[in-house]
Each structure stands twice: as structure tokens, then as C-alpha cells.
Amino acid sequence: MSFLRPKFITFDCYGTLTNFQMGTMTRELFADRVPAEQMDQFVKDFSAYRLDQVMGDWRPYDEILKTALARVCKRWGVEYKGEGQLYYDAVPTWGPHADVPAGLSKIADKIPLVIFSNAMDEQIMSNVDKLGAPFHKVFTAQQAQAYKPRLAAFEFMLDNLGCGPEDVLHVSSSFRYDLMSAHDMKIKHKAFVARGHELPGNVGYSYHQIPDIGGLAGLVGL
């Protein structure tokens, strides 16, 4: 077996490393307005509107959440009570998936680890500190003035690392936010973490699938 030898391993944070709890919060906050049998679709629609909001010009993340939530409430005909700020305030409190600290520990002292997150600077370090591993660089959409899946976000990351797309292994549990754009950026080495919140993509995107972060060490021969 041939192993990948990247100069950097770059990560999505929320969902991939941090246990992203938007769905759990939505189920709790909207239990009084959305019937239980329709809640799965409401959660999916909220996710779709968040993606739609980040495709335009950069706006602060609290505005992204508030506008996306107001839009999905309007679509569903349910009252929006201003819960967007509750989500924003909760994000920094979320910790990692159970497999993350041990998985990162296998590689952190061998290959520099990097994060690009669709976050604000004031949020992200609280999440990163909970991951249990040192990171070489942590980039945010606020710094880049662009959210993933915008290519500008990936350009910012590569430019600031001073490397080319051939030099990184990009790791994410999302095709729509990360791996499709990474493919367009000619990032050949990609790892899809099958967390179960997004279906895997077309094999034409040329990725390695792993069940959790513990699978990364095997990809790079550690």
C-alpha cells in the first residue's frame, strides 16, 4: 500500500472534528412548533438554508444563522422567536466527537495540522482547545472574508500556508462544504469522514473514506 505524504493535513472543524449540534438544538427549540413526524425535514431544510446563506458575500456568522433560521421558519409557516443568537452562543461550547483526541494524537507530532472553519474568530479557539491536539494554523471564514464552499476560502488557506493543492490532505465529513470544492481546487488527496450526517459523494471525486479520525493514521502510514 502506498501512503499519502502531505506537508499539511487540513480539516473542516464543525461536524468533522467538533460534534456539531445544530440538529439537536433545533429539535429542542422547535418541538412546540414543528410536529415530531416532520422534524427531520425541518432540520434538513434549516441546513439547506445555512448552506445557501454562505454562498454569497461574507457576513458575520450570527447573521448567517439568524437569516437562515428566519427563512426556514417563513417557509414552514412557523413563528421565528429570534433563536438564532442561541445557536451562535452555543457553538463555542461544543466539544469533539469521541474519536477525535486519540485520532489526532497519532499524527499531530508528525504532520502539521490545520483547520479552516466557517466560524468567527471569537468562536473557534474554544472549540479547537477542546480537540486535545496542537494545530499549526487555524483559519476562519472571518479572516478569509469567505465561507466554504466558496473557492476563495480554500485559496486563502493555501496562500497563507504557502503551499499548493498537491501539498495537503483535506479532511471533512461534508462533500457539499468541503470535498467538492477541494476537488475543484485540484486538491488530489481528500478524506471523507463518514459521520452519517451526509451521504458520500460520487467516486469521481477521488477520495478516501474513513469511519472516524482514527482512520487518518493509516492513510499517512503512521
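Residues numbered from 1 in each chain as written. Predicted model: local features only at pLDDT ≥ 70, side-chain atom pairs only at ≥ 80, totals over all residues. Heavy atoms only, no water.

**Quick look at the pairing of strand β1 (residues 8–11)**
Along β1, one buried face is formed by Phe8 and Thr10 and the opposite face, lined by Ile9 and Phe11, is buried too. As paired elements, β1 and strand β4 (residues 168–172) share four bridges and run parallel to each other. Residue pairing for β4: phenylalanine 8 is matched across the bridge by valine 168. Judged from the three bridges that link them, β1 and strand β2 (residues 113–117) form a sheet pairing that is parallel. The residue of β2 that forms the bridge with threonine 10 is valine 114. (Buried < 20%, exposed > 50% of the residue type's maximum accessible area, 1.4 Å probe, protein only. Helix = DSSP H or I, 4+ residues; strand = E, 2+ residues; numbered from the N terminus. Pairing = 2+ DSSP bridges.)

**Notes on the sheet that holds strand β3 (residues 137–140)**
The strand order across the open sheet built from six strands is β3-β2-β1-β4-β5-β6, with neighbouring strands paired in parallel fashion. Bordering the open sheet on either side are β3 and β6 (208–210), each of which pairs with just one other strand. Between one strand and the next, the sheet's axes are offset by a mean angle of 20 degrees, whatever the strand orientation. Along the sheet face, helix α6 (residues 121–129) touches β2 and β3 and points at about 140 degrees away from the line of β3. (Axes fitted to C-alpha atoms, helices over the stretch in contact; angles between N-to-C directions. Contact = heavy atoms within 4.5 Å.)

**With respect to the environment of lysine 81**
As for its placement among the helices and strands, lysine 81 is situated in the loop between α3 (61–76) and α4 (84–90). Spatially, the C-alpha atom of lysine 81 lies 8.8 Å from that of alanine 70, the residues being 11 residues apart in sequence. Beyond its immediate stretch of four places on either side in the chain, lysine 81 contacts Asp32 and Arg33.

**Observations concerning α6**
Burial in α6 covers these residues: Gln123, Ile124, Asn127 and Val128. With its buried residues spanning 125 degrees around the axis, α6 presents them on a single face. Every exposed residue of α6 that faces more than 90 degrees away from the buried side is listed here: Glu122 and Asp129. Packing partners of the buried residues in α6 comprise α3, α4, β2 and β3. (Arc of directions from axis to C-beta.)

**Things to note about the pairing of β2**
With five of five residues buried, β2 is to be regarded as a mostly interior element. Pairing of β2 with β3 involves four bridges; the strand directions are parallel. Paired with serine 117 across the bridge in β3 is threonine 140. In this view, the connection linking β2 to its parallel neighbour β3 by way of α6 has right-handed handedness. (Right-handed = clockwise from strand over helix to strand, strands pointing away.)

**Quick notes on the state of the cysteines**
Following the criterion strictly, the structure yields zero disulfides and no others. Free of any disulfide, cysteine 163 has its nearest cysteine sulfur in cysteine 13, 19 Å distant. On the accessibility criterion, cysteine 163 (14% relative accessible area) is buried. (Disulfide = S-S within 2.5 Å.)

**Observations regarding unusual backbone geometry**
For the bond from lysine 148 to proline 149, the omega torsion is 15 degrees, close enough to zero to count as cis. Looking at the element boundaries, proline 149 is found in the loop between α7 (141–144) and α8 (151–161). Backbone geometry at lysine 186 places phi at a positive 65 degrees, although glycine is not the residue there. Position of lysine 186 relative to the elements: it lies in the loop between α9 (175–184) and β5 (189–193). Taking the relative accessible area as the measure of exposure, lysine 186 reaches 63% and is therefore exposed. In the Ramachandran plot, serine 206 falls in the positive-phi region, its phi being about 55 degrees despite a non-glycine side chain. Position of serine 206 among the secondary structure elements: in the loop between β5 and β6.

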